[in-house]
Amino acid sequence: MKKTLILLCMVIALVILPFFINHGGEYGGSDDQAEGQITAVDPHYKPWFTPLYEPASGEIESLLFTLQGSLGAAVIFYILGYARGKQRNDDRA
């Protein structure tokens with residue numbers, strides 16, 4: 001019981017603590033950092049293609065990225081669940 005309580009407190013601290021830490025920086029993705037490095041190495045670099053759709057804001061871009069990841073995870077776990085169910089069915093037969 002004591003071990004569970006300690007672990008629960010640690011999880012709660014990990015969830016709440018980041019709200020109080022001020023690191024003074026701005027959140028940016030690896031795409032922004034890569035673009036900065038490419039520009040530093042070759043200022044005349046031109047991208048090979050342009051995006052088909054440019055989201056109106058960073059929040060929409062994050063939403064679409066999250067949806068993409070969620071759908072991918074759903075497909076993977078559906079396949080794993082289907083395979084496990086099929087294996088159980090074969091074991092019973």
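Once a new chain begins, its residue numbering starts again from 1 and follows that chain's sequence as written. Selection of residues for local features in this predicted model requires a pLDDT of at least 70, selection of side-chain atom pairs for listing and counting requires 80 or more, and totals for whole chains, interfaces and linings are taken over all residues. By convention in this description, side-chain values take in all heavy atoms of the structure and omit both hydrogens and water.

1. As for the overall build of the chain
Note the following rule: Secondary structure elements are taken from DSSP: a helix is a run of H or I of four residues or more, a strand is a run of E of two residues or more, and numbering for both begins at the N terminus. As a reference, a globule follows 2.2 Å times the number of residues to the power 0.38, and the radius of gyration itself is taken over C-alpha atoms. Buried, partly exposed and exposed residues are distinguished by accessible area as a fraction of the type maximum, computed with a 1.4 Å probe on protein chains only: under 20%, between the cut-offs, and over 50%, respectively. Surface accessibility in these figures is a Shrake-Rupley result with a 1.4 Å probe; residues are shielded only by whichever protein chains are displayed.
Helix and strand content of the chain: three helices and zero strands. When its helices and strands are written in sequence order, the chain yields α-α-α. Its C-alpha radius of gyration of 22 Å places the chain more than 25% over the 12 Å reference for a compact globule of 93 residues. The principal-axis extents of the C-alpha atoms in the chain amount to approximately 65 × 45 × 25 Å. Of all 93 residues assigned to the chain, the portion counted as buried reaches 1%. Surface summary for the chain: the accessible area is close to 9,500 Å², and the carbon and sulfur share equals 66%.

2. So, the environment of Y45
When you line up the elements, Y45 lands in the loop between helix 2 (30-41) and helix 3 (58-92). Y45 gets classed as partly exposed once you look at its relative accessible area, which sits at 41%. Once the C-alpha coordinates of Y45 and Y82 are considered, the two residues, 37 residues apart in sequence, prove to be 47 Å apart.

3. What about helix 2?
In an α-helix, one full turn covers 3.6 residues, which means residues spaced three or four apart are oriented alike. Note the threshold: Multiplying one less than the number of residues by 1.5 Å gives the expected span of a helix.
Between the first and last C-alpha of helix 2 there are 16 Å, a value that for twelve residues agrees with the 16 Å anticipated at 1.5 Å per step. Counting buried positions along helix 2 yields zero of twelve residues, so the element is predominantly exposed.

4. Things to note about the UniProt feature "transmembrane region" (unreviewed entry) in the chain
Threshold: UniProt positions are given in the numbering used here, feature names are shortened, and annotations may be inferred rather than shown by experiment.
UniProt annotation of "transmembrane region" (unreviewed entry) refers to residues 5-21 and 63-83 when read in the numbering used here. The distance separating the terminal C-alpha atoms of residues 63-83 is 30 Å; by composition the span is 100% helix and 0% strand.

5. Here we look at the packing of aromatic side chains
Selection rule: Here the aromatic set is Phe, Tyr and Trp, taking the six-membered ring for Trp, and pairing holds for ring centres within 6.5 Å; pairs whose planes are under 30 degrees apart are stacked, those over 60 apart are edge-to-face, and all others are tilted.
Under the definition given, this model contains one aromatic pair. Centre to centre, the rings of Y78 and Y82 are 6.4 Å apart; their planes meet at 25 degrees, and the pair counts as stacked. Here Y78 pairs with Y82, and both are found in helix 3, just four residues apart, close to one helical turn. Residues Y78 and Y82 agree in their burial class; the two are exposed.

6. Here's the deal with the confidence of the model for the chain
Predicted coordinates in regions of low pLDDT should not be interpreted in detail. To keep it simple, the criterion reads: For every residue, the predictor states its confidence as a pLDDT score lying anywhere from 0 to 100.
Taken over all residues, the pLDDT of the chain has a mean of 87, while the share at 70 or more is 92%. In the model of the chain, helix 2 stands out as the element of lowest mean pLDDT, 84, in contrast to helix 1 (residues 2-16), which has the highest, 94.

7. Observations concerning a negative patch on the surface
Rule in force here: Within the patch definition used here, like charges are joined within 9 Å and nonpolar side chains (Val, Leu, Ile, Met, Phe, Trp, Tyr) within 5 Å, considering only residues with over 30% relative accessible area and no salt bridge. We define a salt bridge as a contact between a side-chain nitrogen of Lys or Arg and a carboxyl oxygen of Asp or Glu at a distance within 4 Å. For the purpose of counting charges, residues Lys and Arg are taken to be positive, whereas Asp and Glu are taken to be negative. His and the chain ends are not included. In this description, the location of a charge corresponds to atom NZ of lysine, CZ of arginine, CG of aspartate or CD of glutamate.
A grouping of D31, D32, E35, E54 and E61 is seen on the molecular surface, where their side chains present a negatively charged patch. Among the elements that line the negative patch, the one with the most residues is helix 2, at three residues.

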